[in-house]
Amino acid sequence: MKSLFGSPGKISGLVLRTCQCLFAASSLSVMASASGFSTSTSFCFLIAAMGLQVLWSFGLACLDIHALRLKKDLHNHIFLSLLVVGDWVTAILSLAAACSSAGVMVVFIKDTNICRSQAALSCNTFQISIALAFMAWFLLAVSSYVMFWLLATI
């Protein structure tokens, strides 16, 4: 059985899942604390997608802790199939939410100058949240690739 970086039940997998959870939670909390986030449905979608990613990553981080404490091997076909599907679904939703929010920010900043005319919108806060969402998605994409590769080697 191959042992890749980010494999479930390994320290690197725990670090990867913890970082995913932290970046997604940071993105969610920054966007939710920004004034005027409800003006765009893509910002609300970003909050929902990051919430899902927090739950998914936190659950798998807890599973990694459990496997490390009990020295369990999590490399079986059924479990890895579940991880592959969950990671890919969560990754696609997170990427879609981050891209749609980034598109709205392009419209707000470049095309309509809404950020200048409406001081009540927290455009800089929106941008920070979107950048954190892209970082969370990147980490999830890494673990999605690792899970798919592990599943292919079984």
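Computed from a predicted model, the values in this text were never measured in an experiment.

Asker: Please clarify how the overall build of the chain should be interpreted in this entry.
Answerer: Regarding its fold elements, the chain presents 5 helices and 0 strands. Walking the chain from its N terminus toward its C terminus, one meets helices and strands in the order α-α-α-α-α. Here the contacts in the chain between residues at least 6 apart in sequence split such that 80% fall between residues at least 24 apart. For the chain, the exposed area adds up to about 8,000 Å²; of that, 72% sits on carbon and sulfur atoms. Side-chain charges of the chain comprise 8 positive and 4 negative groups, with the mean position of each set lying 7 Å from the other.

Asker: Is there a simple way to think about the nonpolar core in this case?
Answerer: Looking at soluble globular proteins, one finds that nonpolar side chains tend to be buried together. Of all hydrophobic cores here, the largest spans 22 residues; its most connected members are M31, F43, L46, M105, F108 and F126. The greatest single-element share of this core, amounting to 6 residues, is contributed by helix α2 (residues 41-70). Filtering out sequence-adjacent residues up to four positions away, F108 remains in contact with T39, F43, N113, I114, C115 and L121. Grouped together as the second largest cluster of nonpolar side chains are 11 residues, A67, L74, L150 and L151 included.

Asker: Is there a simple way to explain a nonpolar patch on the surface in this structure?
Answerer: Together, F45, L52, V85, V89 and L93 make up an exposed nonpolar region whose accessible area comes to about 380 Å². Those elements that place two or more of their residues in the nonpolar patch are α2 and α3 (77-111). With 3 residues, α3 is the single largest residue contributor to the nonpolar patch.

Asker: Could you clarify how one ought to interpret the packing of helix α1 (residues 11-33) against α2 in this entry?
Answerer: Angle between the axes and distance between the axes are the two parameters that describe a pair of packed helices. The geometry of α1 relative to α2 is characterised by a closest axis approach of 8 Å and an angle of 155° between their N-to-C directions. It follows that α1 is roughly antiparallel to α2 by the angle criterion. Here the hand of the crossing between α1 and α2 comes out left-handed.

Asker: Hey, could you run me through the packing of α1 against helix α5 (residues 123-153) in this one?
Answerer: Between α1 and α5, the shortest axis-to-axis distance is 8 Å and the interhelical angle comes to 155°. In terms of orientation, α1 lies roughly antiparallel with respect to α5. Regarding α1 and α5, the two cross each other, and that crossing is left-handed. Taken together, the residues of the contact of α1 with α5 break down into 17 nonpolar, 6 polar and 1 charged.

Asker: What am I meant to see in the packing of aromatic side chains here?
Answerer: To describe a pair of aromatic rings, one takes the distance between the centres and the angle between the planes. The final tally for this structure, using the stated rule, is 4 aromatic pairs. Plain terms: the ring middles of F43 and F126 are 4.5 Å apart, the flat faces sit at 40° to each other, and that makes the pair tilted. Of the two residues, F43 sits in helix α2 while F126 sits in helix α5, which places them 83 residues apart along the sequence. One exposure class covers both F43 and F126, and it is buried.

Asker: Please explain the state of the cysteines as it appears in this structure.
Answerer: In protein structure, a disulfide is the covalent linkage between the sulfur atoms of two cysteines. Evaluated as defined, the whole model comprises 1 disulfide. Bridging C115 to C123, the disulfide has an S-S length of 1.9 Å. A torsion of -90° about the S-S bond marks the disulfide between C115 and C123 as left-handed. C123 gets classed as buried once you look at its relative accessible area, which sits at 7%. With no disulfide of its own, C19 lies closest to C21 among cysteine sulfurs, the gap being 10.0 Å. In this structure C99 is not part of a disulfide, and its nearest cysteine sulfur, from C44, lies 18 Å away. Note on C99: relative accessible area 41%, which makes it partly exposed.

Quick notes on the rules
- Residues numbered from 1 in each chain as written.
- Predicted model: local features only at pLDDT ≥ 70, side-chain atom pairs only at ≥ 80, totals over all residues.
- Heavy atoms only, no water.
- Helix = DSSP H or I, 4+ residues; strand = E, 2+ residues; numbered from the N terminus.
- Contact = heavy atoms within 4.5 Å.
- Areas by Shrake-Rupley, 256 points an atom, 1.4 Å probe, with all protein chains shown as cover.
- Lys, Arg positive; Asp, Glu negative; His and termini not counted.
- Charge placed at Lys NZ, Arg CZ, Asp CG, Glu CD.
- Core = buried A, V, L, I, M, F, W, Y, C linked by side-chain atoms within 4.5 Å.
- Buried < 20%, exposed > 50% of the residue type's maximum accessible area, 1.4 Å probe, protein only.
- Patch = residues over 30% accessible without salt bridge, like charges linked within 9 Å, V, L, I, M, F, W, Y side chains within 5 Å.
- Salt bridge = Lys/Arg side-chain N within 4 Å of Asp/Glu carboxyl O.
- Axes fitted to C-alpha atoms, helices over the stretch in contact; angles between N-to-C directions.
- Parallel < 35°, antiparallel > 145°, perpendicular 65-115°, else oblique.
- Left-handed = near helix turned anticlockwise from the far one by under 90°.
- Nonpolar A, V, L, I, M, F, W, Y, C, P; charged D, E, K, R; others polar.
- Phe/Tyr/Trp six-rings, centres within 6.5 Å; stacked < 30°, edge-to-face > 60°.
- Disulfide = S-S within 2.5 Å.

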